[in-house]
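Structural overview
So the chains spell out like this:
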Amino acid sequence: MTQFTIVKDADLPKGIHSDIALPNADLGHLWDSIILASEIKERLVSQAILNFTIRPKVSRSVLPLHGVLLLVGPPGTGKTSLAKGLANRIAELLKGQKMRLLQVDPHALTSSAMGKTQRAVSELFSQTIAEAAALGPTIVLLDEVETLAADRAKLSMDANPVDVHRATDAVLVQLDTLAERFPNLLFVATSNFPQAVDAAFTSRCDLVLQIPLPDADACRKILADCLSGLAGTFPNIGKLSSMPEFGACATACEGLDGRTIRKVVVSALAQRKETALNPNLVSTDDIVAAATQAKMNRKSGGL
Ligand SMILES: Nc1ncnc2c1ncn2[C@@H]1O[C@H](COP(=O)(O)OP(=O)(O)OP(=O)(O)O)[C@@H](O)[C@H]1O
Ligand SMILES: [Mg+2]
């Protein structure tokens, strides 16, 4: 039976955004909703599984695994959704183990007060995460990891407080300590700015996976999925994806990320007052127009 326990924010330690018991059906839907080449999903799942099958059994002097995966790619390509969905997939595959997903909120840890960020980061890893890992297999989502493990080589001592520098040091020290103590711990990190992540952090990653923009086939499927989701409420929208003109809609979305493609559908409904009042009236021309605008906005740096 699927457990569904999300601990409320108010009860969570500092720096933890959510604490979810796995498996979790919502996270399963999230994984399925990301349309991506099956090899990429398979690679991700295999590396994560290996973390739990190999690390408890093989010495770190043989395989220096840290239990850290990093997903990098443009904004809106599904990195955070994949990371959360992956946690659920792993729990499903390693059945019988009580697993948890902790989601770190990096912004709750940073502070302009001297020494505070470093202390908060150290406490989060050495206490909160260590305590969770001591209870059982734990997956920790480090979203926007460049905030926590900023590239020290690029930090200017004038513009950035020494504290940020030390926070990166603290993350690295803690990753080493936790990797040694808890083979049942897996970090899944994401970043839009891999060039802003410290090289020593990237070097500790067991896998750095590029999440690409959707290809032509994925664009078509994302658009069709979004339309079929709306068709439950507005049945005419469901007919659009079987029309001959649908190909032009999908082509117009090529080059956009998955988040923007889903938003194209919303802006297609907002192309005209009539469609806003009655979404059943939306046409393939509205979708092409909305996708073309989204691409122009991107080119001019608007969105
Ligand atoms: N490949 C995809 N297939 C289907 N939907 C996608 C895809 N990529 C993104 N999306 C949609 O875009 C939304 C945003 O995804 P998500 O937040 O996981 O992206 P992200 O890469 O973490 O973005 P950011 O880098 O801005 O944090 C999701 O809700 C999802 O519906
Ligand atoms: Mg994200």
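Residues numbered from 1 in each chain as written. Chains lettered and ligands numbered in written order. Predicted model: local features only at pLDDT ≥ 70, side-chain atom pairs only at ≥ 80, totals over all residues. Heavy atoms only, no water.

1. Quick notes on the pairing of strand E1 (residues 16-22)
Burial analysis of E1 places six of its seven residues in the buried class, which makes it a mostly covered element. Where E1 lies against strand E3 (residues 99-104), six bridges are found, and the strand directions are antiparallel. Across the sheet, the residue bridging to Ser18 is Gln103, located in E3. (Buried < 20%, exposed > 50% of the residue type's maximum accessible area, 1.4 Å probe, protein only. Helix = DSSP H or I, 4+ residues; strand = E, 2+ residues; numbered from the N terminus. Pairing = 2+ DSSP bridges.)

2. A look at the sheet that holds strand E6 (residues 207-210)
In space, the six strands of this open sheet follow the order E1-E3-E4-E5-E2-E6, with mixed pairing throughout. Across the chains shown, the open sheet's two edge strands, defined by having one partner strand only, are E1 and E6. Averaged over all pairs of adjacent strands, the angle between strand axes in this sheet comes to 15°, irrespective of strand direction. Where E3 meets strand E4 (residues 138-142), five bridges bridge the pair, whose relative direction is parallel. Directly across from Val104, in E4, lies its bridge partner Leu142. Across the face of the sheet, helix H4 (residues 116-135) comes into contact with E1, E3, E4 and strand E5 (185-191) while running at roughly 165° to E3. (Axes fitted to C-alpha atoms, helices over the stretch in contact; angles between N-to-C directions. Contact = heavy atoms within 4.5 Å.)

3. A look at the packing of aromatic side chains
Within this structure, the stated rule accounts for one aromatic pair. Both rings, one in Phe125 and one in Phe187, keep their centres 5.7 Å apart while their planes meet at 25°; by these two values the pair is stacked. With Phe125 in helix H4 and Phe187 in strand E5, this pair connects stretches of sequence that are 62 residues apart. The ring centre of Trp31 lies 5.0 Å from the NZ or CZ of Lys41, which sits over that ring. (Phe/Tyr/Trp six-rings, centres within 6.5 Å; stacked < 30°, edge-to-face > 60°. Lys NZ or Arg CZ within 6 Å of the ring centre and 35° of its normal.)

4. Focus: the domain arrangement of the protein chain
Domain boundaries assigned for the protein chain yield domain 1 (9-210) and domain 2 (216-295). The C-alpha centroid of domain 2 is placed 35 Å from the C-alpha centroid of domain 1. Both sides together, the interface formed by domain 1 and domain 2 hides about 450 Å², and carbon and sulfur atoms give 61% of it. If you look at where domain 1 meets domain 2, you find three residue pairs in polar contact (both at pLDDT 80 or more). For the side of domain 1 that touches domain 2, the class distribution of residues is two nonpolar, three polar and no charged. (Domains from an automatic or database assignment. Buried area = accessible area lost by both parts, 1.4 Å probe. Polar contact = N/O pair within 3.5 Å; in protein donor to acceptor, adjacent residues only side chain to side chain. Nonpolar A, V, L, I, M, F, W, Y, C, P; charged D, E, K, R; others polar.)

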